[in-house]
There are 2 protein chains.
Amino acid sequence: MIDSVNNEKIVYFKKLREAKYIKDAGKYIVETEHLVSEAYKAGLLESLIVENSSDFELDVPRIIVSKKCMEKISLLKNAPSVMGVVKLKENNTIKGNKVVVLDNVQDPGNVGTLIRSSLAFNVDTVVLSSTSVNIFNDKLIRSSEGTIFNVNVVVMDTLKAIDTLHKMNIDVYYADMFGEKEVSEIKPLKYALILGSEGQGISERVKAKADYGIRLDMCDKCESLNVAVAGSIIMHSWR
Amino acid sequence: MIDSVNNEKIVYFKKLREAKYIKDAGKYIVETEHLVSEAYKAGLLESLIVENSSDFELDVPRIIVSKKCMEKISLLKNAPSVMGVVKLKENNTIKGNKVVVLDNVQDPGNVGTLIRSSLAFNVDTVVLSSTSVNIFNDKLIRSSEGTIFNVNVVVMDTLKAIDTLHKMNIDVYYADMFGEKEVSEIKPLKYALILGSEGQGISERVKAKADYGIRLDMCDKCESLNVAVAGSIIMHSWR
């Protein structure tokens, strides 16, 4: 059992909570039994980190550490008794007929929630623009409830994604309160849907390259919806 | 200008960030120009607290304080230059034909997002069960984007709310993955929709008193959706 927070493994795990180390190492840490189990089912779990009091095990190497060490590694207020080292999956290929593109979406909770909805409503690929939150962000993974391990998530520049989608003969829609089509007017069998950041919406450059704006009708004095809600309503409508 | 963080007004404002003082005082503090402006438009703003560098004003008393004082009062990582003291609105009456009941929903972000969607999709009243997060929770208000000031939010026990709704001849639905009706099968003109906590769902006691379970069809291996997403899809569908 590792007891000291200065042990080299603990120091290494602690580093694996930072973006630059994650990118170099190609692996990151997830917390709680639930998320670790989901990563394992998806074939992405490299090793388990468990508190000495826990009897949790899976068919991967198991590193036993003290409560103090778990607290050192954890980003949560209350450190869980189970964590795992997970392989960073590198997907480069947009697959399928239903694609959601998150253009510069910064809030990790919204991105995680959208990934969760994507799986529920048969979306094949989620493109996360290079300017969006990191794919291995802890809050993103928690909000996705581990669905991120089962969704084809591609990190790509939004304009490049639009080019690729057009080559695949997929029409590109963007959610916008002034969009020319209301979501319930159409039900495309193939689609790409771009969702923008809540503050700024979608840039003119992206709009100019995309095909149609999609709006959701709502009450007169309402300005907008949460982006995860708006995106999920469209995915549900076109599922 | 108030410069000292030990000034009695600053100490009082700091206390107004805690639930027990808020309940006694019947007022609470909101942060950022946007939320303060929304509270003002809804007639709920009592006074402004502004940093000495800010020239923001509205037609209410204005208390000028130092940056240090703003930091003392703020719950945000970066204190804004504008805050406001807002009246705690006490609504006791369920009004209208479209009602959403949040039964023991703890996550303030989800509750705020659901309140935002309620306004967008013509819901007249949101009932927050006594066991849910506090109505004046800072994150709840931020997630609602200030829409909370314009929605009739009633704090009431869920079982009592069901009795009241039945007396109003409103059918009570609850969102549940095993619900007997799929959301798109029906479009009730009058409805109450109960949403439960993500972890535990809706209790058997509540289900027994309600009228119908409503489900959202999704992919086979999917277990659930975020509660704010599921609730918003149903509200959108029945708007």
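Structural data are supplied above this passage.
What this report covers is the structure whose coordinates are included nearby.

## A short note on the packing of helix α5 (residues 108–120) of chain A against helix α9 (residues 227–237) of chain A
For any two helices packed against each other, one specifies the crossing angle of their axes together with the interaxial distance. All names here are of chain A. One way to put it is that α5 packs onto α9 with a least axis distance of 9 Å and a crossing angle of 10°. With respect to α9, the element α5 is oriented roughly parallel. In terms of crossing hand, the pair formed by α5 and α9 is right-handed. Contact with α5, carried on its side by Asn 110, Thr 113, Leu 114, Ser 117 and Ser 118, involves Val 227, Ala 228, Gly 231, Ser 232 and Met 235 of α9 and no other residues of that element. When its residues are assigned to classes, the contact of α5 with α9 shows four nonpolar, six polar and no charged.

## Regarding the relation of the copies chain A and chain B
With an RMSD of 0.0 Å, the operation that places chain A on chain B is a rotation of 180° combined with a shift of 0.0 Å along the axis. The transformation just described matches what one would write down for a two-fold rotation axis. Interface overlap between copies is the fraction of interface residues in one copy that are interface residues in the other; for chain A against chain B it reaches 100%, indicating a shared surface.

## A few points about the interface of chain A and chain B
Contacts between the two partners involve 27 residues from chain A, matched on the other side by 27 residues from chain B. When chain A packs against chain B, close to 2,100 Å² is buried across both sides, 58% of that on carbon and sulfur atoms. Linking chain A to chain B there are four salt bridges. The salt bridge partner of B:Arg116 is A:Glu198, with a shortest N-O separation of 3.1 Å. Counting the contacts that link chain A with chain B gives six residue pairs in polar contact (both at pLDDT 80 or more). Going through the elements one at a time, α5 and α9 of chain A are the ones with two or more residues in the side of chain A that touches chain B. Grouping the constituent residues of the side of chain A that touches chain B by class yields twelve nonpolar, eight polar and seven charged.

## So, the nonpolar core
Within the largest apolar cluster, 108 residues are counted, with the highest numbers of intra-cluster contacts made by A:Tyr28, A:Leu102, A:Phe149, B:Tyr28, B:Leu102 and B:Phe149. Not counting residues within four places of it along the chain, the set of residues in contact with B:Leu102 comprises B:Val111, B:Leu114, B:Val126, B:Val127, B:Leu128, B:Ser129, B:Ser132 and B:Leu195.

## Some thoughts on the sheet that holds strand β9 (residues 181–182) of chain B
Picture the strands of a sheet paired through backbone hydrogen bonds; they go either parallel or antiparallel. All names here are of chain B. Strand order in this open sheet of seven strands is β7-β6-β5-β10-β8-β11-β9, and the pairing throughout is parallel. The sheet is open, and its two edges are formed by β7 (152–155) and β9, each paired on a single side. Bridge analysis of strand β6 (residues 125–128) against β7 gives four bridges, and the strand direction is parallel. Of the residues in β7, the one forming a bridge with Thr 125 is Asn 152.

## Describing the pattern of salt bridges
It is possible for side chains bearing opposite charge to pair when their charged atoms get close. For the coordinates displayed, the defined rule picks out 22 salt bridges over all chains. Across the salt bridge formed by A:Arg215 and A:Asp217, the nearest N and O atoms sit 3.0 Å from each other.

## Structural notes on the sheet that holds strand β5 (residues 98–103) of chain A
Residues and elements named next belong to chain A. Strand order in the open sheet formed by seven strands is β7-β6-β5-β10-β8-β11-β9, with parallel pairing between adjacent strands. Either end of the sheet is taken by a strand with one partner, and the two such strands are β7 (152–155) and β9 (181–182). Examined bridge by bridge, strand β8 (residues 172–175) and strand β11 (residues 212–215) share three bridges and lie parallel to one another. Considered in β11, the bridge of Tyr 174 is made with Gly 213. Docked against the sheet, α5 engages β5, β6 (125–128), β7 and β10 (191–196), running at close to 160° with respect to β6.

## Considerations on α5(A)
All names here are of chain A. With 13 residues, α5 should cover 18 Å at 1.5 Å per step; its first-to-last C-alpha distance of 19 Å lies within 8% of that length. Of all 13 residues in α5, 13 are buried; the element is thus mostly enclosed. One side-chain oxygen at the N-terminal end of α5 lies 3.0 Å from the backbone nitrogen of Gly 109; it belongs to Asp 107. Positive backbone phi, approximately 65°, marks Asn 122, located one or two places after α5.

## Quick look at the environment of B:Phe121
Looking at where B:Phe121 falls in the secondary structure, it is placed in the loop between α5 (108–120) and β6. In contact with B:Phe121, other than residues within four places in its own chain, are A:Asp217, A:Met218, A:Leu225, A:Ile233, B:Ser232, B:Met235, B:His236 and B:Arg239.

Calculation criteria
- Residues numbered from 1 in each chain as written.
- Chains lettered and ligands numbered in written order.
- Predicted model: local features only at pLDDT ≥ 70, side-chain atom pairs only at ≥ 80, totals over all residues.
- Heavy atoms only, no water.
- Axes fitted to C-alpha atoms, helices over the stretch in contact; angles between N-to-C directions.
- Helix = DSSP H or I, 4+ residues; strand = E, 2+ residues; numbered from the N terminus.
- Parallel < 35°, antiparallel > 145°, perpendicular 65-115°, else oblique.
- Left-handed = near helix turned anticlockwise from the far one by under 90°.
- Contact = heavy atoms within 4.5 Å.
- Nonpolar A, V, L, I, M, F, W, Y, C, P; charged D, E, K, R; others polar.
- Least-squares fit on C-alpha atoms with pLDDT ≥ 70 in both.
- Buried area = accessible area lost by both parts, 1.4 Å probe.
- Salt bridge = Lys/Arg side-chain N within 4 Å of Asp/Glu carboxyl O.
- Polar contact = N/O pair within 3.5 Å; in protein donor to acceptor, adjacent residues only side chain to side chain.
- Core = buried A, V, L, I, M, F, W, Y, C linked by side-chain atoms within 4.5 Å.
- Buried < 20%, exposed > 50% of the residue type's maximum accessible area, 1.4 Å probe, protein only.
- Pairing = 2+ DSSP bridges.
- Expected span 1.5 Å × (residues − 1).

Just distances and angles here, no functional claims.
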